[in-house]
Every structure is written in C-alpha cells, then in structure tokens.
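In case you want the letters, here they are:
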Amino acid sequence: MTNFRHQPGPPKRILILGAGGHGRVVLDILLQSAHHQVVGFLDNNPNIHGRRVDGIPVLGAIDDLAHVAHQGDVTGVIVAIGDNGVRRGLAREVDATGIDLINAIHPSATLAHNAMLGRNVVVAAGVVVCAHCQIGDSVILNTGCIIDHQTMIGEGTHICPGVRIAGRVTVEPGTFIGIGATIIPKITLGCECIVGAGAVVIDDVPPMATVIGVPAHQIKLASASEDEVAMLLPAHV
Ligand SMILES: CC(C)(COP(=O)(O)OP(=O)(O)OC[C@H]1O[C@@H](n2cnc3c(N)ncnc32)[C@H](O)[C@@H]1OP(=O)(O)O)[C@@H](O)C(=O)NCCC(=O)NCCS
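Residues numbered from 1 in each chain as written. Predicted model: local features only at pLDDT ≥ 70, side-chain atom pairs only at ≥ 80, totals over all residues. Heavy atoms only, no water.

1. Focus on helix α3 (residues 84-97)
Part 1 of the reasoning: An ideal rise of 1.5 Å per residue puts 20 Å on 14 residues; α3 measures up with 21 Å between its terminal C-alpha atoms.
Part 2 of the reasoning: Those residues of α3 that sit buried are N84, R87, R88, L90, A91 and V94. What you see down the axis of α3 is that its buried residues fit within an arc of 170 degrees, all on one side. Those residues of α3 that are exposed and aimed more than 90 degrees away from the buried face are G85, E93 and A96.
Part 3 of the reasoning: A side-chain oxygen of the first residue of α3 lies 3.0 Å from the backbone nitrogen of G85; this N-cap is D83. (Helix = DSSP H or I, 4+ residues; strand = E, 2+ residues; numbered from the N terminus. Expected span 1.5 Å × (residues − 1). Buried < 20%, exposed > 50% of the residue type's maximum accessible area, 1.4 Å probe, protein only. Arc of directions from axis to C-beta. Polar contact = N/O pair within 3.5 Å; in protein donor to acceptor, adjacent residues only side chain to side chain.)

Structural data, given as structure tokens:
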C-alpha cells in the first residue's frame, strides 16, 4: 500500500477495462487529472468495438489487453467493472502481465495525509477518507461516501454513494454496501456480505450475509462451507 499522492513524471497512458456505467465514471475522474492520458477502453461487448464511449475509442476485448497495451504504449490500466468478484479477478490478471494498476482519485475527494490506498482503487467525487484508514486493492469508494478514522476496507469491496462508515470499522474483502447505508463504530462486516441501501448496521455482519433495515437485520445467508469462507478471508484486510 502507498499513500495517495501521485508520483512525479510524464502522464501515464491508460487503458480502462470496462466501458459500462462505472467505466464512464472512471473516465470522468481520469480526464480531470493531468497525470493520466486515457488512450482507450477494452470491453467484452463486441457491439461497441471500434466505437467511441464519451469520445474515447473502444479498442477491443479485455482478452486483447497484452496486444493493445503493447501497440498503444500503455503504461497503466484500471479495471472499471462494478461486480466485485470480476473486478478483483481481472485486477490480479492485469498484475500478472506486469502493467501498472493505477488509481482514479477525483480532485474533489479529501484523503487524510496518512490514509493508505492499494492499487486499482476508485475514489469518486466528494469522498472523505479520514486519518489512518487503509483502503485495499480494487476498492470502489463511490460518490460522497465517508470513511472515518482507522477504518479498514478490504480488497474488492464497493462502498456505494452516500455511505457513512464510522471509525474503527473493519470491512472484509468483497463486501457490497448499498447506497446511503450507515455503519456505527467498531463493527466488522464479514467478507462478501451485502448491506442493503439505507440500512443502519449496529451489529457485526457474518460473511456472505445480506442485511437490511434500521437497525439492520439479516435476511439471507449464502450457503458456503466453512472451508469456502476460510478461503475468502484475507491474511490481512
Ligand atoms: C439489499 C438488496 C441487495 C437485496 O436484494 P435481494 O437479495 O434481491 O432482495 P429482494 O429484492 O428479494 O428483497 C427481499 C426483501 O427485502 C426488502 N428489501 C430489499 N432491499 C431493501 C432495503 N434496502 N431496505 C429495506 N428493505 C429492503 C424487499 O422489499 C423484500 O421484502 P419482502 O420479502 O417483504 O417482499 C437490495 O435490495 C439493495 O438494497 N441493494 C442496494 C443497491 C444499491 O445501493 N445500488 C447502488 C449502486 S451504486
């Protein structure tokens, strides 16, 4: 993990993987940065190959990454796919190619000087990340969410717009927190759990559970053996 500040040097030439709604949000963030030059999208929808999305060409399928990156002198990639599992898996594949995974941080976001970010992280407009937070790889901090002090956000999670997470919360990998939800201090959200839109979470949430309401209560628990859950748990968040 590093802090969020950009390294000096020439702008990176960037490919965005995924030209859907989230890809467009990521493009908008990168266009506001002097540090990045977006050269194109890759997307698995063949109907948009050769076309432009928000003025940027769709250069091929995601499987074409190595070839397109070589041809276009690409120096950085960001995976802009909303599905947590797909985003996380693709980011690991990109990593294996040796191409840099970059972060997209909107200029209006406020990050504490000692906040730590992984790679392939999206920090959208108006986000606030407070002191001593740790944000894992492939996390989406969506529009206007607040992450208070000493909170840890695990790999491949999506924190939706307007979510408020209090201090010292642990969000394990793969979690989805729906729009406008609130999490009180020191809660642990188990890996791959889902918090419904507008929920107020006042108790720990087990791995792979879905909780909704005020206060939040469990409505679902995905079936998984203890072994499978253990495989999802991180060595660290
Ligand atoms: C929690 C959620 C994931 C549940 O989805 P689901 O597993 O498909 O569940 P269902 O739609 O079958 O709903 C199950 C029950 O919970 C209720 N429910 C669903 N979401 C709810 C919510 N956020 N708050 C309160 N009740 C909710 C439904 O009305 C339904 O009630 P019923 O059994 O009495 O009819 C989903 O409703 C949700 O809140 N998603 C958040 C989406 C979001 O924030 N998107 C932002 C993208 S940037």
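2. Side note on the pairing of strand β5 (residues 76-79)
Part 1 of the reasoning: In β5, alternate side chains face the same way, and those of G76 and I78 on one face and V77 and V79 on the other are all buried.
Part 2 of the reasoning: Note that strand β1 (residues 12-17) and β5 share four bridges and pair parallel. Within the sheet, the bridge partner assigned to I16 lies in β5 and is I78.
Part 3 of the reasoning: In the sheet, β5 pairs with strand β6 (residues 100-101) via two bridges, with the strands oriented parallel. Opposite G76, over in β6, you have D100 as the bridge partner.
Part 4 of the reasoning: Taking the sense of rotation as the criterion, the β-α-β connection linking β5, α3 and β6 turns out right-handed. (Pairing = 2+ DSSP bridges. Right-handed = clockwise from strand over helix to strand, strands pointing away.)

3. Overview of the sheet that holds strand β24 (residues 209-212)
Part 1 of the reasoning: Across the sheet, eight strands lie side by side as β7-β10-β13-β16-β19-β22-β24-β25; this open sheet has mixed pairing. At either end of the open sheet lies a strand with only one pairing partner, and these are β7 (104-105) and β25 (217-221).
Part 2 of the reasoning: Pairing analysis gives two bridges linking strand β22 (residues 194-195) to β24, with the strands arranged parallel. Bridging from a neighbouring strand, I194 pairs with T210 of β24.

4. A word on unusual backbone geometry
Part 1 of the reasoning: Note the cis peptide between V214 and P215, where omega equals -10 degrees.
Part 2 of the reasoning: Tracing the backbone through its elements, the reader meets P215 in the loop between β24 and β25.
Part 3 of the reasoning: Backbone geometry places D54, a non-glycine residue, at a positive phi of 50 degrees.
Part 4 of the reasoning: Among the secondary structure elements, D54 is positioned in the loop between β3 (52-53) and β4 (56-57).
Part 5 of the reasoning: On the basis of relative accessible area, D54 is assigned to the partly exposed category, the value being 48%.

Nothing here speaks to function; it is all geometry.
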